[in-house]
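Structural overview for review
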Amino acid sequence: AQSVTQLDSQVPVFEEAPVELRCNYSSSVSVYLFWYVQYPNQGLQLLLKYLSGSTLVKGINGFEAEFNKSQTSFHLRKPSVHISDTAEYFCAALSGGYQKVTFGIGTKLQVIP
Amino acid sequence: NAGVTQTPKFRVLKTGQSMTLLCAQDMNHEYMYWYRQDPGMGLRLIHYSVGEGTTAKGEVPDGYNVSRLKKQNFLLGLESAAPSQTSVYFCASSLRTGGLSGANVLTFGAGSRLTVL
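The text that follows walks through the structure, step by step, so that each part is easy to find. (Residues numbered from 1 in each chain as written. Chains lettered and ligands numbered in written order. Predicted model: local features only at pLDDT ≥ 70, side-chain atom pairs only at ≥ 80, totals over all residues. Heavy atoms only, no water.)

**A look at the sheet that holds strand β3 (residues 19–25) of chain B**
Residues and elements named next belong to chain B. Read across the open sheet, the 4 strands follow the order β1-β3-β8-β7; overall the sheet is antiparallel. Each having just a single partner strand, β1 (4–7) and β7 (65–67) make up the two edges of the open sheet. Averaged over all pairs of adjacent strands, the angle between their axes in this sheet comes to 20°, without regard to strand direction. Relative to β3, β1 is paired through 4 bridges, and the arrangement is antiparallel. Across the sheet, the residue bridging to V4 is Q25, located in β3. (Pairing = 2+ DSSP bridges. Helix = DSSP H or I, 4+ residues; strand = E, 2+ residues; numbered from the N terminus. Axes fitted to C-alpha atoms, helices over the stretch in contact; angles between N-to-C directions.)

This is how it looks when you write it as C-alpha coordinates:
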(Lines give C-alpha, C1' and ligand atoms only; values in the text may rest on other atoms or scores of the structure.)
Protein backbone atom coordinates (compact mmCIF):
# COMPACT_ATOMS: atom_id res chain seq x y z
CA ALA A 1 0.00 0.00 0.00
CA GLN A 2 1.17 3.51 -0.78
CA SER A 3 2.59 5.26 2.27
CA VAL A 4 1.12 8.65 1.46
CA THR A 5 -1.97 8.72 -0.72
CA GLN A 6 -3.33 11.79 -2.43
CA LEU A 7 -6.77 10.90 -3.66
CA ASP A 8 -7.14 13.50 -6.39
CA SER A 9 -4.62 14.08 -9.16
CA GLN A 10 -6.32 17.28 -10.32
CA VAL A 11 -8.75 19.64 -8.62
CA PRO A 12 -10.38 22.46 -10.59
CA VAL A 13 -12.01 25.18 -8.52
CA PHE A 14 -13.40 28.61 -9.22
CA GLU A 15 -11.65 31.67 -7.85
CA GLU A 16 -12.85 32.66 -4.35
CA ALA A 17 -14.39 29.22 -3.77
CA PRO A 18 -13.19 26.95 -0.96
CA VAL A 19 -10.97 23.96 -1.67
CA GLU A 20 -9.93 20.77 0.10
CA LEU A 21 -7.04 18.62 -1.07
CA ARG A 22 -7.10 15.15 0.45
CA CYS A 23 -4.22 13.17 1.89
CA ASN A 24 -4.17 9.87 3.76
CA TYR A 25 -1.17 8.19 5.30
CA SER A 26 -0.45 4.58 6.21
CA SER A 27 1.02 3.04 9.32
CA SER A 28 4.33 2.58 7.50
CA VAL A 29 5.14 6.26 7.90
CA SER A 30 5.32 8.50 10.92
CA VAL A 31 2.77 11.07 11.97
CA TYR A 32 5.14 13.90 11.20
CA LEU A 33 3.27 15.28 8.21
CA PHE A 34 3.84 18.07 5.71
CA TRP A 35 2.29 19.86 2.79
CA TYR A 36 4.57 21.32 0.13
CA VAL A 37 3.65 23.49 -2.86
CA GLN A 38 5.33 23.60 -6.26
CA TYR A 39 4.68 26.55 -8.53
CA PRO A 40 5.37 26.04 -12.27
CA ASN A 41 9.03 25.48 -13.09
CA GLN A 42 10.13 25.82 -9.48
CA GLY A 43 11.23 23.60 -6.63
CA LEU A 44 8.99 22.67 -3.74
CA GLN A 45 8.47 24.89 -0.71
CA LEU A 46 6.91 24.15 2.65
CA LEU A 47 3.28 25.18 3.20
CA LEU A 48 2.80 23.76 6.68
CA LYS A 49 3.75 20.91 8.98
CA TYR A 50 2.26 18.84 11.78
CA LEU A 51 4.61 17.56 14.45
CA SER A 52 2.40 17.36 17.55
CA GLY A 53 -0.11 19.36 19.58
CA SER A 54 -3.10 21.07 18.02
CA THR A 55 -4.55 19.02 15.20
CA LEU A 56 -5.34 22.15 13.19
CA VAL A 57 -2.23 23.54 11.60
CA LYS A 58 -2.04 26.90 9.89
CA GLY A 59 0.43 27.58 7.10
CA ILE A 60 1.38 30.26 4.65
CA ASN A 61 -0.92 31.91 2.10
CA GLY A 62 -4.07 31.21 4.15
CA PHE A 63 -3.84 27.41 3.96
CA GLU A 64 -4.55 25.12 6.89
CA ALA A 65 -4.62 21.37 7.45
CA GLU A 66 -6.23 19.11 9.99
CA PHE A 67 -4.56 16.01 11.37
CA ASN A 68 -7.06 13.21 12.03
CA LYS A 69 -5.47 10.18 13.63
CA SER A 70 -8.58 7.98 13.56
CA GLN A 71 -9.03 8.53 9.83
CA THR A 72 -5.27 8.66 9.13
CA SER A 73 -5.81 11.84 7.17
CA PHE A 74 -4.13 15.21 6.80
CA HIS A 75 -6.35 17.19 4.42
CA LEU A 76 -5.38 20.66 3.22
CA ARG A 77 -7.97 23.43 3.05
CA LYS A 78 -8.34 27.04 2.04
CA PRO A 79 -11.62 28.96 2.45
CA SER A 80 -11.16 31.15 -0.64
CA VAL A 81 -8.65 30.46 -3.39
CA HIS A 82 -6.90 32.92 -5.66
CA ILE A 83 -5.52 32.55 -9.16
CA SER A 84 -2.04 32.64 -7.63
CA ASP A 85 -2.80 29.38 -5.77
CA THR A 86 -2.64 27.48 -9.05
CA ALA A 87 0.16 24.99 -8.38
CA GLU A 88 0.86 21.37 -7.53
CA TYR A 89 0.51 20.36 -3.89
CA PHE A 90 2.33 17.47 -2.29
CA CYS A 91 1.53 15.71 0.96
CA ALA A 92 4.54 14.15 2.67
CA ALA A 93 5.53 12.23 5.79
CA LEU A 94 8.69 11.27 7.61
CA SER A 95 9.62 7.63 7.21
CA GLY A 96 12.57 5.27 7.46
CA GLY A 97 13.49 6.03 11.04
CA TYR A 98 12.81 9.72 10.46
CA GLN A 99 15.66 10.03 7.97
CA LYS A 100 13.53 10.08 4.84
CA VAL A 101 10.60 12.08 3.56
CA THR A 102 8.01 10.17 1.50
CA PHE A 103 5.83 12.14 -0.88
CA GLY A 104 2.41 11.52 -2.36
CA ILE A 105 1.94 11.75 -6.12
CA GLY A 106 0.73 15.34 -5.94
CA THR A 107 -2.53 17.18 -6.62
CA LYS A 108 -2.70 19.86 -9.27
CA LEU A 109 -4.91 22.71 -8.17
CA GLN A 110 -6.31 24.69 -11.08
CA VAL A 111 -8.02 27.91 -10.08
CA ILE A 112 -10.51 29.05 -12.71
CA PRO A 113 -11.18 32.80 -13.09
CA ASN B 1 22.09 32.99 1.23
CA ALA B 2 21.75 30.96 -1.94
CA GLY B 3 20.09 27.98 -0.22
CA VAL B 4 20.27 24.90 -2.43
CA THR B 5 21.86 25.31 -5.85
CA GLN B 6 21.69 22.68 -8.58
CA THR B 7 23.85 22.58 -11.71
CA PRO B 8 23.24 22.20 -14.55
CA LYS B 9 19.61 23.31 -14.94
CA PHE B 10 19.17 21.56 -18.27
CA ARG B 11 21.04 18.77 -20.00
CA VAL B 12 20.48 16.55 -23.02
CA LEU B 13 22.34 13.24 -23.18
CA LYS B 14 22.55 10.39 -25.61
CA THR B 15 21.92 6.86 -24.40
CA GLY B 16 25.05 5.46 -22.80
CA GLN B 17 26.64 8.79 -21.95
CA SER B 18 27.57 9.68 -18.40
CA MET B 19 27.07 12.84 -16.41
CA THR B 20 27.08 14.29 -12.91
CA LEU B 21 24.55 16.59 -11.29
CA LEU B 22 25.90 18.82 -8.57
CA CYS B 23 23.97 19.99 -5.54
CA ALA B 24 25.44 22.59 -3.20
CA GLN B 25 23.92 24.00 0.00
CA ASP B 26 25.20 26.81 2.15
CA MET B 27 22.98 26.25 5.21
CA ASN B 28 25.25 23.78 7.03
CA HIS B 29 22.55 21.11 6.69
CA GLU B 30 23.41 17.57 7.69
CA TYR B 31 20.97 15.70 5.47
CA MET B 32 20.83 15.84 1.68
CA TYR B 33 18.57 14.07 -0.80
CA TRP B 34 18.16 13.43 -4.49
CA TYR B 35 14.62 12.98 -5.85
CA ARG B 36 13.29 12.49 -9.34
CA GLN B 37 9.92 13.88 -10.40
CA ASP B 38 7.92 12.21 -13.14
CA PRO B 39 4.34 12.98 -14.25
CA GLY B 40 1.80 11.08 -12.19
CA MET B 41 4.44 9.61 -9.89
CA GLY B 42 5.25 12.46 -7.54
CA LEU B 43 8.73 12.66 -6.09
CA ARG B 44 10.67 9.46 -5.63
CA LEU B 45 13.79 9.26 -3.51
CA ILE B 46 16.89 8.10 -5.37
CA HIS B 47 19.66 8.36 -2.75
CA TYR B 48 20.23 10.32 0.40
CA SER B 49 22.96 11.20 2.86
CA VAL B 50 22.75 11.81 6.59
CA GLY B 51 26.22 13.29 6.87
CA GLU B 52 29.55 13.89 5.18
CA GLY B 53 30.97 10.64 3.84
CA THR B 54 27.70 8.70 4.17
CA THR B 55 25.16 7.70 1.52
CA ALA B 56 22.13 5.41 1.42
CA LYS B 57 19.74 4.07 -1.18
CA GLY B 58 16.24 5.40 -1.58
CA GLU B 59 13.36 3.76 -3.40
CA VAL B 60 14.71 4.07 -6.98
CA PRO B 61 18.54 3.87 -6.77
CA ASP B 62 19.29 1.66 -9.79
CA GLY B 63 21.39 3.34 -12.47
CA TYR B 64 22.55 6.14 -10.16
CA ASN B 65 25.50 6.69 -7.86
CA VAL B 66 26.13 9.44 -5.32
CA SER B 67 28.95 10.90 -3.30
CA ARG B 68 29.13 13.25 -0.33
CA LEU B 69 32.79 14.06 0.07
CA LYS B 70 32.07 17.51 1.50
CA LYS B 71 29.20 18.40 3.79
CA GLN B 72 27.92 21.11 1.49
CA ASN B 73 27.94 19.07 -1.74
CA PHE B 74 25.96 16.04 -2.89
CA LEU B 75 26.71 14.66 -6.35
CA LEU B 76 24.40 12.44 -8.40
CA GLY B 77 26.02 10.43 -11.17
CA LEU B 78 24.61 8.56 -14.13
CA GLU B 79 27.25 6.15 -15.46
CA SER B 80 25.35 5.03 -18.56
CA ALA B 81 22.25 7.11 -19.20
CA ALA B 82 19.04 5.47 -20.39
CA PRO B 83 15.85 7.06 -21.78
CA SER B 84 14.03 5.93 -18.61
CA GLN B 85 16.18 8.40 -16.70
CA THR B 86 14.62 11.33 -18.52
CA SER B 87 13.18 13.30 -15.63
CA VAL B 88 13.40 16.40 -13.49
CA TYR B 89 15.83 15.90 -10.63
CA PHE B 90 15.54 17.77 -7.36
CA CYS B 91 18.08 18.07 -4.62
CA ALA B 92 16.95 18.90 -1.10
CA SER B 93 18.60 19.36 2.25
CA SER B 94 17.52 19.55 5.87
CA LEU B 95 18.99 20.44 9.21
CA ARG B 96 17.84 17.37 11.13
CA THR B 97 15.01 14.87 11.37
CA GLY B 98 12.74 13.48 14.01
CA GLY B 99 11.35 14.69 17.28
CA LEU B 100 9.96 18.12 17.91
CA SER B 101 13.04 20.00 16.86
CA GLY B 102 11.78 21.10 13.49
CA ALA B 103 11.61 17.58 12.09
CA ASN B 104 13.22 17.53 8.71
CA VAL B 105 11.82 20.46 6.82
CA LEU B 106 13.29 20.16 3.37
CA THR B 107 14.78 23.03 1.38
CA PHE B 108 14.68 22.29 -2.34
CA GLY B 109 16.76 23.38 -5.25
CA ALA B 110 15.15 24.66 -8.46
CA GLY B 111 15.58 21.36 -10.28
CA SER B 112 17.63 19.92 -13.14
CA ARG B 113 15.81 18.80 -16.26
CA LEU B 114 17.54 15.86 -17.92
CA THR B 115 16.60 14.42 -21.30
CA VAL B 116 18.13 11.17 -22.51
CA LEU B 117 17.72 10.48 -26.22
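Further notes follow.
**Observations concerning the state of the cysteines**
Under the counting rule described, the total for this entry stands at 2 disulfides over all chains. A disulfide bridge connects C23 of chain A with C91 of chain A, and the sulfur atoms are separated by 2.0 Å. Disulfide C23 of chain A-C91 of chain A: the torsion about the S-S bond is -70°, which places it as left-handed. Taken together, the residues span a long stretch of sequence, with C23 of chain A in strand β4 (residues 23–25) and C91 of chain A in strand β10 (residues 87–95) at a distance of 68 residues. This pair shows no difference in class: C23 of chain A is buried, exactly as C91 of chain A is. Linked covalently through their sulfurs, C23 of chain B and C91 of chain B form a disulfide whose S-S length is 1.9 Å. (Disulfide = S-S within 2.5 Å. Buried < 20%, exposed > 50% of the residue type's maximum accessible area, 1.4 Å probe, protein only.)

**Some thoughts on the nonpolar core**
Burial of nonpolar side chains together is a common tendency in soluble globular proteins. Residues W35, L47, L48, F74, L76 and Y89 of chain A are the most contacted members of the largest nonpolar core, which totals 27 residues. Contact partners of L76 of chain A, with chain neighbours within four places excluded, come to V19, E20, L21, W35, L47, L48, F63, E64, A65 and Y89 of chain A. Counting 21 residues, the second-largest nonpolar core is a separate cluster that includes F90, L94 and V101 of chain A together with A92 of chain B. (Core = buried A, V, L, I, M, F, W, Y, C linked by side-chain atoms within 4.5 Å. Contact = heavy atoms within 4.5 Å.)

**Concerning unusual backbone geometry**
Between T7 of chain B and P8 of chain B the backbone carries a cis peptide bond, its omega angle lying at -5°. Tracing the backbone through its elements, the reader meets P8 of chain B in the loop between β1 and β2 (10–13). A positive phi angle, near 60°, is found at N41 of chain A, a position not held by glycine. When you line up the elements, N41 of chain A lands in the loop between β5 (33–38) and β6 (44–50).

**Side note on the pattern of salt bridges**
All names here are of chain B. Taken as a whole and judged by the stated rule, the model has 8 salt bridges over all chains. Between E30 and K71 there is a salt bridge, with the nearest N and O atoms lying 2.9 Å from each other. Linking E30 in the loop between β3 and β4 (31–38) with K71 in the loop between β7 and β8 (73–78), this pair joins segments that are 41 residues apart in sequence. Taking relative accessible area as the criterion, E30 reaches 31% and is therefore assigned partly exposed. One salt bridge in this structure joins R44 and D38, with 2.8 Å as the shortest N-O distance. Residue classification places R44 among the buried residues on the basis of a relative accessible area of 18%. Exposure remark for D38: the relative accessible area of 10% places this residue in the buried category. (Salt bridge = Lys/Arg side-chain N within 4 Å of Asp/Glu carboxyl O.)

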